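Residues per chain are reported as follows:
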Amino acid sequence: MKQKIESLISNVNSFIAENADHAEQLRLKYLGKKGILNDLFVEFKNVPAEQRKEVGLLLNDLKNNVQDKVNTLKEKFEQGKSENKKESIDLSLPVDYKVLGTRHPISIVRNEIVSIFSKIGFVVSEGPEIENDWHNFSALNFPPEHPARDMQDTFFIEKNPDIALRTHTSSVQVRVMEGSKPPIRTISPGRVFRNEAISARAHCIFHQVEGLYIDKDVSFADLKQTLLYFAKEMFGEKTQIRLRPSYFPFTEPSAEMDVSCNICGGKGCNVCKYTGWLEILGCGMVDPNVLENCGIDSKEYTGFAFGMGVERITMLKYSVKDLRLYFENDLRFLNQFESAY
Ligand code: DAH
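Residues numbered from 1 in each chain as written. Predicted model: local features only at pLDDT ≥ 70, side-chain atom pairs only at ≥ 80, totals over all residues. Heavy atoms only, no water.

## Examining the sheet that holds strand β6 (residues 205–215)
Phase 1 of the analysis: Strand order in this open sheet of seven strands is β1-β5-β6-β10-β9-β8-β7, and the pairing throughout is mixed. Of all strands in the sheet, those with a lone pairing partner are β1 (123–124) and β7 (241–248), marking the two edges.
Phase 2 of the analysis: Relative to strand β5 (residues 184–193), β1 is paired through two bridges, and the arrangement is parallel. When the bridges of β5 are listed, V123 appears paired with T186.
Phase 3 of the analysis: Sitting on the sheet, helix α5 (residues 105–118) touches β1, β5, β6 and β10 (302–309), and the angle it makes with β5 is about 165 degrees. (Pairing = 2+ DSSP bridges. Helix = DSSP H or I, 4+ residues; strand = E, 2+ residues; numbered from the N terminus. Contact = heavy atoms within 4.5 Å. Axes fitted to C-alpha atoms, helices over the stretch in contact; angles between N-to-C directions.)

What follows is the structure, encoded as structure tokens:
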């Protein structure tokens, strides 16, 4: 038995494998369930006591040699495999392009608005989308019977008349005034919610950017120049603006601003309904009541505010005719927008 094991050891040591399969065959032949080593261990039971120690050691040697041999061979073939792979890289092949997504048009325009106002010192502030009556209505001078407080227009949370999804980002101006001292120069982009039937021109979720400037001696002329600067940056150097008197509970006087139609250049087309003008935002001087509601002395400070719809500006800038497209996530629509913003 001793000789048999010794010759098996030398067989194992001189074994040559050409691939990983050969190495596996060697393992099975010796170490498998029906392998040589199992047979030898059975045979070992009959070895006379005086030879047991020596034969036992040899048997262990054989087992270890097989194991070592198999491991080294397998390692060798594994390494070879990855080396082969490395060699097979063809550097002349064109790269596998990853399709990059594009920003959503609403994000592009929101970022552009933010960037235009940050150039003249406005900082971004944000507020919660779920608001209480004070920040969304009362502090902004909405009388108790104002129709916007109606269930028809506002989404209330669990029928609690005090908590609702904000209907405009003007709520953020209240929070900013309550939390900081003038001078204040801020813009607040965000999502707003109104109980509206969805159509090409209206949606129950949309985006606004609110602007607020409070300091000593802020006048309507400052408002006008700020908005003219914005309109030219957004729609082009030739853009003109006009302000029409309007009404908002939180501003006095209030106005709506139109820009000269960027499609026909003011000559008249079906987008501007042949008026040459497009309405883009509401604005005005912050009502003294609002300043006082927010802890700002209205004798010392004045300010202006404005609010615009991001969907509307995006529609005008990119000639989008149906605002439902913004929410459908159709890649054929979204892929058309590429931007630095
Ligand atoms: N909050 C108004 C709206 O949702 C927009 C607006 C109008 C905001 C005039 C203002 C403003 O700050 O001065 O329709």
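## Considering the site of the ligand
Phase 1 of the analysis: In the vicinity of the ligand there are 15 residues, among which H168, S170, R194, Q208 and E210 approach most closely.
Phase 2 of the analysis: In this structure, an oxygen atom belonging to the ligand sits 2.8 Å away from a side-chain N or O atom of R194.
Phase 3 of the analysis: Protein chains bury 89% of the 360 Å² of accessible surface belonging to the ligand in isolation.
Phase 4 of the analysis: Looking at the shell around the ligand, the elements that each hand over two or more residues are α7 (170–179), β6, β9 (277–286) and β10.
Phase 5 of the analysis: Grouping the amino acids of the shell around the ligand by side-chain chemistry returns five nonpolar, eight polar and two charged. (Near = heavy atom within 4 Å. Polar contact = N/O pair within 3.5 Å; in protein donor to acceptor, adjacent residues only side chain to side chain. Areas by Shrake-Rupley, 256 points an atom, 1.4 Å probe, with all protein chains shown as cover. Nonpolar A, V, L, I, M, F, W, Y, C, P; charged D, E, K, R; others polar.)

## Side note on the packing of α5 against helix α8 (residues 220–235)
Phase 1 of the analysis: Orientation of α5 relative to α8, taken along the N-to-C sense of each, is 135 degrees, at an axis distance of 10 Å. Between α5 and α8, the crossing angle belongs to the class labelled oblique. Crossing of α5 over α8 shows right-handed handedness. Touching V109, E112, I113, I116 and F117 of α5 are T226, Y229, F230, E233 and M234, all from α8. (Parallel < 35°, antiparallel > 145°, perpendicular 65-115°, else oblique. Left-handed = near helix turned anticlockwise from the far one by under 90°.)

## Observations concerning the state of the cysteines
In protein chemistry, a disulfide is the covalent bond that joins the sulfur atoms of two cysteines.
Phase 1 of the analysis: Tallying each qualifying case throughout the model produces zero disulfides.
Phase 2 of the analysis: Free of any disulfide, C283 has its nearest cysteine sulfur in C294, 19 Å distant.
Phase 3 of the analysis: On the basis of relative accessibility, which here comes to 2%, the residue C283 falls in the buried class. (Disulfide = S-S within 2.5 Å. Buried < 20%, exposed > 50% of the residue type's maximum accessible area, 1.4 Å probe, protein only.)

## Some remarks on the domain arrangement of the protein
Phase 1 of the analysis: Partitioning the protein into structural domains gives domain 1 (2–85) and domain 2 (105–337).
Phase 2 of the analysis: Using only C-alpha atoms to locate each centre, domain 1 and domain 2 end up separated by 81 Å. (Domains from an automatic or database assignment.)

## Focus on the sheet that holds strand β4 (residues 160–165)
Phase 1 of the analysis: Strand order in this open sheet of three strands is β2-β4-β3, and the pairing throughout is antiparallel. Pairing within the sheet leaves two strands with one partner each, and these edge strands are β2 (130–132) and β3 (156–157).
Phase 2 of the analysis: Direction of pairing for β3 relative to β4: antiparallel, over a ladder of two bridges. Across the sheet, residue F156 finds its bridge partner in β4, namely A164.

## Quick notes on the packing of aromatic side chains
Phase 1 of the analysis: Overall, the coordinates contain 13 aromatic pairs when judged by the stated rule.
Phase 2 of the analysis: Here the aromatic rings of F137 and F142 are separated by 5.1 Å at their centres, their planes lie at 75 degrees, and the arrangement is edge-to-face. Just as F137 is buried, F142 falls in that class too.
Phase 3 of the analysis: On the basis of an interplanar angle of 75 degrees and a centroid distance of 5.3 Å, the ring pair of Y213 and F304 is categorised as edge-to-face. Taken as a pair, Y213 in strand β6 and F304 in strand β10 lie far apart in primary sequence, 91 residues in all.
Phase 4 of the analysis: The ring of F44 carries the charged tip of R52 above its face, separated from the ring centre by 5.0 Å. (Phe/Tyr/Trp six-rings, centres within 6.5 Å; stacked < 30°, edge-to-face > 60°. Lys NZ or Arg CZ within 6 Å of the ring centre and 35° of its normal.)

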